[in-house]
Amino acid sequence: MLTVVLSGLRARWAAFLGSFVALALGVGLLTTMGLGLASTFDAPEREPRRFADAPVVVKGKDAVTVDVRRGPDTASVSRRLDRPQPVDIELLAELKARWTVTTAGGPDAVGVHGPAAEIRTLVGDRGQVLTGNERRLADPEPERDAEALVALNSLLGTAGGVTTFVSVFVVASTFAFAVALRRREFGLLRTAGATPGQVRRMLRAEAAGVGIVASAAGCALGAWGAPWLARALVDGALAPDWFAIGSATWPLHAAFWTGVTVALAGAVAASRRAGKVGPTAALREADVDTDVLPLGRALLGTGLLLTGAGLLVWTGFTDPSSLLKRKTYTTLPMLLITGVALLAPLLVRPVARALRLPGATGMLVRENSAAAVRRTAAVAAPVLVTVALAGSLLGSATTVTSTKAEEAREQTAARHVVTGEDLRPVPGASATATTSVFVRDGDAALVKYGARAVSDPAAFADLARLPVKAGDVRDLDDRSIVVNEEWERRSVGEVVDVWLADGSGPVKLRVVAVLALGTGDNGPYVTRANAPGAAVDRIEASGVGPEALAAAGGTVRTVEEWAAATHPTTSPQTRLGLLLVLGIALVYTVIALANTLLMATSVRGAELAALRLAGATRAQILRVVTGEAALAVAIGAALGLAVTAVNLGALGVGLAALSAPVSLSVPWTAVGAAAGVCAAVAVTASALPAWRATR
């Protein structure tokens, strides 16, 4: 058996080359993403800067701490304030009376030159006492390093997930198609006395050999490419300047064994079908594919398709706001994409037969594509994956951001908006400030909400066009609050306990209006009296001219200009991250297309020779072969667009359920570019072996 396996690997090295490259690239990408992901878990420990010379730092409150229920007991939960509070004046006086106190850059913290134990006893619960490396928490933006890694962690996690998803699909499909082309070989082996078990073991041994060598090569490739990824992320402003690859080794082990497992898993499914080939059935098999959708694949594809559609419907009805989150619109489409891709052999034949291509060449292209379902589906499936990912991911991201901009434009009747820091009031205009409020969610959680603080409730109500579900915004005063449907206590007239932006509270405020949730920026609203320390950063006006508004000291824009500036279609960092993910999928698709068509066309020598004997010219044969490849790409693109339409349609239904404007956006440029690259690769990969075969 080992001799047969080694002979098969040597004789069919070209067929295994595509699987080797796809698997090695997949393991390499997994290694690179894993090493990058491991480097995002821990931010570097920085030395204290602001109070480097003081042995002890006393810091004002920078968080709201509330007792919540944890099972039968209670526990303290903290949420950070927008800005640290000053050190208590009386406490500061006591500190100065006993020790040397230094200040640096603001009243929120002071350095104290004294024994830490005595200082801690004096401060008690009136502030925070920091010693050692904890003193860095008094530096400006002490958590900036950790916060900078959160988005990067999410990006690399998503890219790694997409890499795993696409690599598993491509490798499994490549093995399956390679096995389908070898049915006559298996029939000969069976005729020579090989048992079904021996055929299955032979395929698994081949897969293990390819998997081990490709995975090892992929690990080496990934370790080499990880520093390049780190530099690219830093240059693209996706990572902080100090980001570098660490010394973790677990990504290498995880990527290697994932590659081997994927190779064996792809071979197992294919070997089961190979073992069922009879001694004579393959020898008399016609060129028309039969039994192209095994029961297991049909059940799995149907299950994934129904699960994906069911989750979209369920999420749209129960929690439509989650459809707007990147994790949701990145992961849910993969179920639909995988389901449709697995069912591709069932879909390509009716789609191909439905087309009416002109001329004899067109007739041959259509009929050959419909007859050779395995080949057509093997080409269409990776194209489907790439087009659907491009349309769903970029389309969802653009739809969400454009909807936010449209929502912002619709929620004000102002003609001009002034933005800036600490704006001066303008008569006849509505001024608001950014603040935050904290509220218990049940008995077990403390939730922080970004809010707007209104200076003049009457002027605000005249210009606001908020999606009010109950109550009246004009009733807002210093003892009330406007909430949205996300709040647990949201009945008009109900009183809620609210902690304010400086940590004070709880303050009892009465609900006077309830807003639709929208895209997440609808409320809450309070007055300036309940927003301590908040400075006006937005002024909206309708009857005040730009010249008068300029006196506020900020940037004056029309509403349309303001919405476009503050709600861009997609941030450059997000777009770059999504393009990274889609680039991975496109590279895999290119490898799959080239490998599939090179294998498929190279075994069509007898068929192409028959066409020459029937009177077809070499140019006509090339047009037929390349036309079949182009048609398969077109079918895959059409199925990918259908999946995109379902995903974006579900997102639109979710936006409508949230009372948000529906502004669906299809990234035609990205979809067209992906389909164009696939078509170019498919035509080239089919034309080259056909040219050689017809010499």
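Quick notes on the rules
- Per chain, residue numbering runs from 1 following the sequence as it is written.
- Per-residue local features of the predicted model are confined to residues with pLDDT of at least 70, and side-chain atom pairs are confined, for both listing and counting, to 80 or more; whole-chain, interface and lining totals are unaffected and use all residues.
- As a rule here, side-chain values cover all heavy atoms of the structure and leave hydrogens and water aside.
- Between 30 and 60 degrees the pair is tilted, below 30 it is stacked and above 60 it is edge-to-face, where a pair is any two Phe, Tyr or Trp rings, Trp via its six-membered ring, whose centres lie within 6.5 Å.
- Helix and strand definitions follow DSSP, with helices as H or I runs of at least four residues and strands as E runs of at least two, each counted in order from the N terminus.
- In this scheme, a residue with accessible area under 20% of its type's maximum is buried, one over 50% is exposed, and one in between is partly exposed, where area comes from a 1.4 Å probe on protein chains only.
- Criterion for a charge above a ring: Lys NZ or Arg CZ within 6 Å of the ring centre, and within 35 degrees of the ring normal.
- Think of it this way: DSSP has to see at least two bridges between two strands before they count as a pair.
- Lines fitted to the C-alpha atoms define the axes, with helices restricted to the stretch that makes contact. Angles between their N-to-C directions range from 0 to 180 degrees.
- Only heavy atoms matter for contacts: two residues are in contact if any of them lie within 4.5 Å across the pair.
- These descriptions rest on fixed angle ranges, namely under 35 degrees for roughly parallel, over 145 for roughly antiparallel, 65 to 115 for roughly perpendicular, and the rest for oblique.
- Handedness of a crossing follows from how the near helix is turned relative to the far one, being left-handed for an anticlockwise turn of less than a right angle and right-handed for a clockwise one.
- Amino acid classes used here: Ala, Val, Leu, Ile, Met, Phe, Trp, Tyr, Cys and Pro are nonpolar; Asp, Glu, Lys and Arg are charged; the rest, including Gly, are polar.
- Think of a salt bridge as a Lys or Arg side-chain nitrogen and an Asp or Glu carboxyl oxygen that are within 4 Å of each other.
- Like-charged residues within 9 Å of one another, or nonpolar side chains (Val, Leu, Ile, Met, Phe, Trp, Tyr) within 5 Å, are grouped into patches, provided each residue has over 30% relative accessible area and no salt bridge.
- Residue burial considers only the protein chains on display, and all accessible areas are found by Shrake-Rupley using a 1.4 Å probe.
- Charged residues are defined here as Lys and Arg on the positive side and Asp and Glu on the negative side; His and the ends of the chain fall outside this count.
- Working definition for charges: the position is that of NZ of Lys, CZ of Arg, CG of Asp or CD of Glu.
- Each residue carries a pLDDT score, the predictor's confidence in it, ranging from 0 to 100.

Undergrad: With reference to specific residues and values, describe the packing of aromatic side chains.
TA: Throughout the structure, instances matching the rule amount to five aromatic pairs. Ring centres 6.5 Å apart and planes at 10° place the aromatic pair phenylalanine 41 and tryptophan 250 in the stacked group. One end of the pair, phenylalanine 41, is in the loop between α2 (13–38) and β1 (56–59); the other, tryptophan 250, is in helix α8 (residues 250–275), and 209 residues separate them in sequence. The exposure class assigned to tryptophan 250 is partly exposed, which follows from its relative accessible area of 43%. Both rings, one in tryptophan 224 and one in tryptophan 228, keep their centres 5.8 Å apart while their planes meet at 40°; by these two values the pair is tilted. Taken together, the positions of tryptophan 224 and tryptophan 228, both in helix α7 (residues 196–235) and four residues apart, correspond to about one turn of that helix. A residue is classified by how much of its surface remains accessible, and tryptophan 224, at 57% relative accessible area, is exposed. It is arginine 231 that lies over the ring of tryptophan 228; its NZ or CZ is 4.8 Å from the centre. Here the basic side chain of arginine 618 rests over the ring of tryptophan 691, its NZ or CZ set 3.6 Å away from the ring centre.

Undergrad: So, the sheet that holds strand β4 (residues 100–103): which residues are in play, and what are the values?
TA: Within a sheet, neighbouring strands are paired by backbone hydrogen bonds and run either parallel or antiparallel to one another. Pairing within the open sheet is antiparallel, and its four strands lie in the order β4-β5-β1-β6. Each end of this open sheet is capped by a strand with a single partner; those strands are β4 and β6 (128–131). Neighbour-to-neighbour, the strand axes of the sheet open up by a mean angle of 30°, direction not taken into account. Strand contacts of helix α4 (residues 116–123): β1, β5 (109–113) and β6, with the helix running at about 165° to β6, the strand carrying the most contacts.

Undergrad: I'd like to hear about the packing of helix α12 (residues 359–371) against helix α19 (residues 618–657), residue by residue, with values.
TA: The interhelical angle for the contact between α12 and α19, taken along N-to-C directions, is 55°, at an axis separation of 9 Å. By the angle class used here, α12 and α19 are oblique. With respect to the hand of their crossing, α12 and α19 are arranged in right-handed fashion. Across the interface between the two elements, Thr361, Leu364, Val365, Arg366, Asn368 and Ser369 from α12 touch Arg623, Val624, Gly627, Glu628 and Leu631 from α19. Within the contact of α12 with α19, the residues separate by chemical class into four nonpolar, four polar and three charged.

Undergrad: Pulling in residues and values, what's your account of the pattern of salt bridges?
TA: Considering all chains together, one arrives at 14 salt bridges under this definition. Across the pair aspartate 62 and arginine 80 runs a salt bridge whose closest N-O atoms are separated by 3.0 Å. With aspartate 62 in the loop between β1 and β2 (63–70) and arginine 80 in strand β3 (residues 73–80), this residue pair connects regions lying 18 residues apart in the sequence. Given the relative accessible area of 42%, arginine 80 is considered partly exposed. The residue arginine 474 makes a salt bridge to aspartate 472 at a minimum N-O spacing of 2.8 Å. Note on aspartate 472: relative accessible area 23%, which makes it partly exposed.

Undergrad: With reference to specific residues and values, describe the pairing of β5.
TA: Burial within β5 is extensive, with four of its five residues counted as buried. Note that β1 and β5 share four bridges and pair antiparallel. Residue pairing in the sheet places lysine 59 in a bridge with alanine 109 of β5. The pairing of β4 with β5 spans four bridges and is antiparallel. By the bridge assignment for β5, threonine 100 is matched with histidine 113. Connecting β4 to the next strand, β5, in antiparallel fashion are five residues, including glycine 105 with a positive phi near 80°.

Undergrad: Please set out the pairing of strand β7 (residues 416–419) residue by residue, giving values where relevant.
TA: What you see with β7 is no split at all: His416 and Val418 on one side and Val417 and Thr419 on the other are buried throughout. Across four bridges, β7 lies against strand β15 (residues 536–541) in antiparallel orientation. Directly across from valine 418, in β15, lies its bridge partner isoleucine 539. Two strands pair when backbone bridges link them, and β7 and strand β16 (residues 555–558) are joined in this way by four bridges, in the antiparallel orientation. Bridge assignment links valine 418 to a residue of β16, and that residue is valine 556.

Undergrad: An account of a negative patch on the surface is needed here, citing residue identities and associated values.
TA: Taken together, the side chains of Asp319, Asp441, Asp443, Glu486 and Glu488 present a region of like negative charge at the surface. One can find glutamate 486 in the loop between β11 (480–484) and β12 (495–498). For glutamate 486, a relative accessible area of 48% puts it in the partly exposed group.

Undergrad: Summarise the confidence of the model for the chain; cite the residues concerned and give the values.
TA: Confidence in the prediction for the chain averages 83 pLDDT; 90% of positions are at 70 or higher. Considering each helix and strand of the chain separately, the mean pLDDT is smallest for helix α1 (residues 2–11), with a value of 57, and largest for strand β14 (residues 525–527), with 95.

Undergrad: Any chance you could break down the environment of threonine 669 for me, citing the residues and the numbers?
TA: Relative to the helices and strands, threonine 669 is located in helix α20 (residues 668–693). The spacing of threonine 669 and glycine 391 is 278 residues in sequence and 9.7 Å in space, taken between C-alpha atoms.

Undergrad: I'd like a description of the packing of helix α10 (residues 326–342) against helix α13 (residues 373–410), backed by residues and values.
TA: For the pair α10 and α13, interaxial distance at closest approach is 10 Å and the crossing angle is 155°. Regarding the angle of α10 to α13, the classification is roughly antiparallel. Crossing of α10 against α13: the hand is right-handed. Taken together, the residues of α13 that come into contact with α10 (itself represented by Tyr329, Thr330, Pro333, Ile337, Val340 and Ala341) are Ala381, Leu384, Val385, Ala388, Leu389, Ser392, Leu393, Ser396, Ala397 and Val400. Split by residue class, the contact of α10 with α13 holds 13 nonpolar, three polar and no charged.

Undergrad: So, unusual backbone geometry: which residues are in play, and what are the values?
TA: Glycine aside, residues mostly have negative phi, and peptide bonds are mostly found in the trans state. With phi around 50°, aspartate 422 is a residue other than glycine that occupies positive phi space. Position of aspartate 422 among the secondary structure elements: in the loop between β7 and β8 (430–441). Its identity is not glycine, yet serine 659 carries a phi of approximately 60°, on the positive side. Position of serine 659 relative to the elements: it lies in the loop between α19 and α20. Take serine 659: its relative accessible area is 31%, and that puts it in the partly exposed class.

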